[in-house]
Amino acid sequence: MEEAAAQNGSAGPGASSPPARPPATPEGMALAYGSLVLMALLPIFFGALRSVSCAKSKNSSEMPETITSRDAARFPIVASCTLLGLYLFFKIFSQEYINLLLSMYFFVLGILALSHTISPMMNRFFPANFPNKQYQLLFTQGSGESKEEIVNYEFDTKDLVCLALSSVVGVWYLLRKHWIANNLFGLAFSLNGVELLHLNNVSTGCILLGGLFIYDVFWVFGTNVMVTVAKSFEAPIKLVFPQDLLEKGLEADNFAMLGLGDIVIPGIFIALLLRFDISLKKNTHTYFYTSFVAYIFGLGLTIFIMHIFKHAQPALLYLVPACIGFPLLVALAKGEVTEMFSYEESSTPKEAPGASKEEPTAADKKEK
């Protein structure tokens, strides 16, 4: 997480410096950081709730992507290579052309993500006699017995209406790069990530969060790579909120920002704990609410430290210990540590939360 102003371009030798930006007011900073915290909590809370029904879905277009321990171990390495590659691209090639390509890419992804996000809510507004027709997009490879499905996506007329509405936001983002359009796409990406990316067990979550803890600390404190990419990257990969909104209104340009990774990565762990809560069949969501409060504490601590030291902070430095430590302490107090670490999710929908878990888990461990 970091403070960043809109990029005006650096003045070259002998050129006149741009006018100094007035410092943000305490009210403006409080509004900006408070809004970022609220925007971070929304996709985690609703994405976690939607992940429960997603785990039970038999629709191939809505089935979650399961992250295994091997995936979790490799992720920080892949993320580091990607980050460094982007940094070198911005140093070697024209930033304008790179951002143009990225804008087109995220324009398409953003429309699809936003459409999927608003679809359940929009369904409530359609009248009962709405002429809703079913469609299926199917791409196959080969023929006969060797035919293989590449894409099998089912949708209906209501989904097409949502896609049209999302396209309006996409055009707005593409033409204006307005911070509100950026945030709509960013929230959609975050909610979809929390909903559709599932950790298969708590140990995998600890591996993923631990690896990205080191990744975040190294690339923020050890180098200027992450901060440079975050400021150069004109794509909805971060939530932003202006600190000068009270002075300049919607045209404000002095932004505080929060990367989507600081939302999605802890979010998928929090969602896992919600599904674990449901599997216990105790009609309580103790671990979900504990980790949710832990996330608020960690993010608040990040903002406090950043404000004190006036330097960009790796949010996962504070979020990871909080999101893992708080639920683990609760599990120790309740004597449920064994149950927590033995809980296992399958990539198939039949292993839905709430199903019998102890015997399959033991079997899975023997297979491994």
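These numbers were taken from a predicted model, which means no experiment stands behind them. (Residues numbered from 1 in each chain as written. Predicted model: local features only at pLDDT ≥ 70, side-chain atom pairs only at ≥ 80, totals over all residues. Heavy atoms only, no water.)

Secondary structure assignment for the protein yields 13 helices and seven strands. Looking at the 368 residues of the protein, the share that counts as buried comes to 45%. Within the protein, contacts between residues at least 6 apart in sequence are counted, and of these 76% link residues at least 24 apart. Of the roughly 19,200 Å² of accessible surface on the protein, 65% is carried by carbon and sulfur atoms. (Helix = DSSP H or I, 4+ residues; strand = E, 2+ residues; numbered from the N terminus. Buried < 20%, exposed > 50% of the residue type's maximum accessible area, 1.4 Å probe, protein only. Contact = heavy atoms within 4.5 Å. Areas by Shrake-Rupley, 256 points an atom, 1.4 Å probe, with all protein chains shown as cover.)

Right, let's talk about the pattern of salt bridges for a bit. Applying the stated criterion across every chain yields a total of eight salt bridges. A salt bridge links Arg176 to Glu251; the shortest N-O distance between them is 3.8 Å. Of this pair, Arg176 sits in helix H4 (residues 157-176) while Glu251 is found in the loop between helix H8 (245-248) and strand S7 (254-259), placing the two residues 75 residues apart along the sequence. By relative accessible area, which is 53% here, Glu251 ends up exposed. Here Glu336 ties to Lys282 by a salt bridge, and the two come within 2.4 Å at their closest N and O atoms. Here Glu336, found in the loop between helix H11 (316-334) and helix H12 (337-342), pairs with Lys282, found in the loop between helix H9 (261-279) and helix H10 (286-309); they are 54 residues apart in sequence, far enough to count as distant. With a relative accessible area of 43%, Lys282 lands in the partly exposed category. Salt bridges sharing partners connect three or more residues here, namely Asp244, Lys248 and Asp253. (Salt bridge = Lys/Arg side-chain N within 4 Å of Asp/Glu carboxyl O.)

This part is about the environment of Ile303. Along the chain, the position of Ile303 falls in helix H10. Measuring from C-alpha to C-alpha, the distance between Ile303 and Tyr33 comes to 7.5 Å, with 270 residues separating the pair along the chain.

With that out of the way, let us pick up a nonpolar patch on the surface. Together, Leu84, Leu88, Phe89, Ile92 and Phe93 make up a nonpolar patch on the protein surface, roughly 490 Å² of accessible area in all. Considering the arrangement of structural elements, one finds Leu88 in helix H2 (residues 69-92). (Patch = residues over 30% accessible without salt bridge, like charges linked within 9 Å, V, L, I, M, F, W, Y side chains within 5 Å.)

Right, let's get into the side chain of Asn200. For Asn200, the location among the structural elements is in the loop between strand S5 (197-199) and helix H6 (202-222). Assessed through its relative accessible area of 7%, Asn200 is described here as buried. A polar atom in the side chain of Asn200 sits 2.6 Å from the side chain of Thr204. (Polar contact = N/O pair within 3.5 Å; in protein donor to acceptor, adjacent residues only side chain to side chain.)

What follows deals with the UniProt feature "transmembrane region" (unreviewed entry) in the protein. Here the UniProt feature "transmembrane region" (unreviewed entry) sits at residues 30-52, 72-90, 97-118, 196-221, 255-274, 286-309 and 315-333. Helix and strand shares over residues 196-221 are 81% and 12% respectively, and the end C-alpha atoms of the span are 31 Å apart. Taken end to end, residues 315-333 has its terminal C-alpha atoms 27 Å apart, with 95% of it in helix and 0% in strand. (UniProt positions renumbered as here; feature names shortened; annotations may be inferred.)

The subject of this paragraph is the pairing of strand S4 (residues 148-156). As defined by bridge partners, strand S3 (residues 134-141) adjoins S4 across eight bridges and the pair is classed as antiparallel. Bridging from a neighbouring strand, Gln134 pairs with Asp156 of S4. Remark: six residues form the turn of the hairpin made by S3 and S4, two consecutive strands paired antiparallel; Gly142 in that turn has positive phi of roughly 85°. (Pairing = 2+ DSSP bridges.)

So, about the confidence of the model for the protein. Averaged over every residue, the pLDDT of the protein is 85; residues scoring 70 or more account for 86%. Every residue in residues 2-19 is under pLDDT 50, and counting partners more than four places away or in other chains gives 29 contacts. Note that residues 348-368 has pLDDT below 50 and, in this model, 27 contacts with residues that lie over four places away or in other chains. (pLDDT = per-residue confidence, 0-100.)

Here we take up unusual backbone geometry. In this structure, Asn283 takes a positive phi of about 55° despite not being glycine. Following the sequence through the fold, Asn283 ends up in the loop between H9 and H10. Although it is not a glycine, Lys310 adopts a positive phi angle of roughly 55°. Its place among the elements puts Lys310 in the loop between H10 and H11.

In this section: the environment of Lys133. Mapped onto the elements of the fold, Lys133 is located in the loop between helix H3 (95-122) and S3. Sequence separation between Lys133 and Asp156 is 23 residues, and the spatial gap between their C-alpha atoms is 5.4 Å.

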